[in-house]
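So you can see what is in the structure, the chains are spelled out below.
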Amino acid sequence: MTFRMYLVLMTIATILSWGAWVLVLNTTNPQEAGTGGFVIFFVTLLLSLVGTLTLFGTAYRVLFLRRSGVMAREVRVAFRHAVFLSIAAILALFLSAQGWLSWWALLLLLVTMSAVEYVFLLREESRRS
């Protein structure tokens, strides 16, 4: 798959994800939805955030940082960061909805995500050596 084709497909998928999230947001009554409604809300929001952050991250890495070597590596890193940030945002939103979000819970979440990213960086570094 070419880089241009990847961008087109990711953009279409992201637009569809945002459309699904807006549809869930407008048609689901939180008092009547139950667990299924909340799961669909969080999953569609997660997919939308991952797509959007991946596109922005890839654009930032390619256009602003001028990294044009291996595009697959730049896309992979942007996607990994998008997944981590999206999961952190969804978990923070979920904790807030449950009334469990506090400064120490958010700090623990960020430290955990940072540790996981550090493990990925160490793994990549060991592959290069």
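Residues numbered from 1 in each chain as written. Predicted model: local features only at pLDDT ≥ 70, side-chain atom pairs only at ≥ 80, totals over all residues. Heavy atoms only, no water.

Draft legend 1. Structural detail: helix H2 (residues 30-64). Counted at 1.5 Å a residue, the expected span for H2 with its 35 residues is 51 Å, but the 41 Å between its end C-alpha atoms falls short. The largest bend in H2 is about 75°, located at Gly36. Arg66 lies just past H2 and shows a positive phi near 60°. (Helix = DSSP H or I, 4+ residues; strand = E, 2+ residues; numbered from the N terminus. Expected span 1.5 Å × (residues − 1). Bend = angle between axes of the 7 residues up to and from the residue.)

Draft legend 2. Region of the structure containing the nonpolar core. The biggest cluster of nonpolar side chains holds 6 residues, and these are Trp21, Val24, Phe41, Phe42, Leu45 and Ile90. Those residues in contact with Phe41 that sit more than four places away from it in its chain are Trp21, Val24, Leu25 and Leu93. Listed in part, the 5 residues of the second largest apolar core include Phe84, Ala88, Leu109 and Met113. (Core = buried A, V, L, I, M, F, W, Y, C linked by side-chain atoms within 4.5 Å. Buried < 20%, exposed > 50% of the residue type's maximum accessible area, 1.4 Å probe, protein only. Contact = heavy atoms within 4.5 Å.)

Draft legend 3. Geometry of the packing of helix H1 (residues 3-27) against H2. At their nearest, the axes of H1 and H2 sit 8 Å apart, and the two run at 150° to each other. As the angle between them shows, H1 and H2 are arranged roughly antiparallel. When you trace H1 past H2, the crossing you get is left-handed. Looking at the contact of H1 with H2 residue by residue, the class counts come to 16 nonpolar, 9 polar and no charged. (Axes fitted to C-alpha atoms, helices over the stretch in contact; angles between N-to-C directions. Parallel < 35°, antiparallel > 145°, perpendicular 65-115°, else oblique. Left-handed = near helix turned anticlockwise from the far one by under 90°. Nonpolar A, V, L, I, M, F, W, Y, C, P; charged D, E, K, R; others polar.)

Draft legend 4. Examining the confidence of the model for the chain more closely. Per-residue confidence for the chain gives a mean pLDDT of 93; residues scoring 70 or more make up 100%. Per-element confidence in the chain ranges from a low mean pLDDT of 93 for helix H4 (residues 103-128) to a high of 96 for H1. (pLDDT = per-residue confidence, 0-100.)

Draft legend 5. The arrangement of the pattern of salt bridges in detail. According to the stated counting rule, one finds 4 salt bridges in the structure shown. Glu117 is paired through a salt bridge with Arg80; the nearest N and O atoms lie 3.0 Å apart. Here the residue Glu117 occupies a position in helix H4, and Arg80 occupies one in helix H3 (residues 71-98), the gap between them amounting to 37 residues. The partner of Glu124 in a salt bridge is Arg80, and the shortest N-O contact between them spans 2.8 Å. With a gap of 44 residues between them, Glu124 in helix H4 and Arg80 in helix H3 connect regions that are remote in the sequence. Per residue, the accessibility class of Glu124 equals that of Arg80, and both read buried. Among the charged side chains, a network of salt bridges with common partners joins Arg80, Glu117, Glu124 and Arg128. (Salt bridge = Lys/Arg side-chain N within 4 Å of Asp/Glu carboxyl O.)

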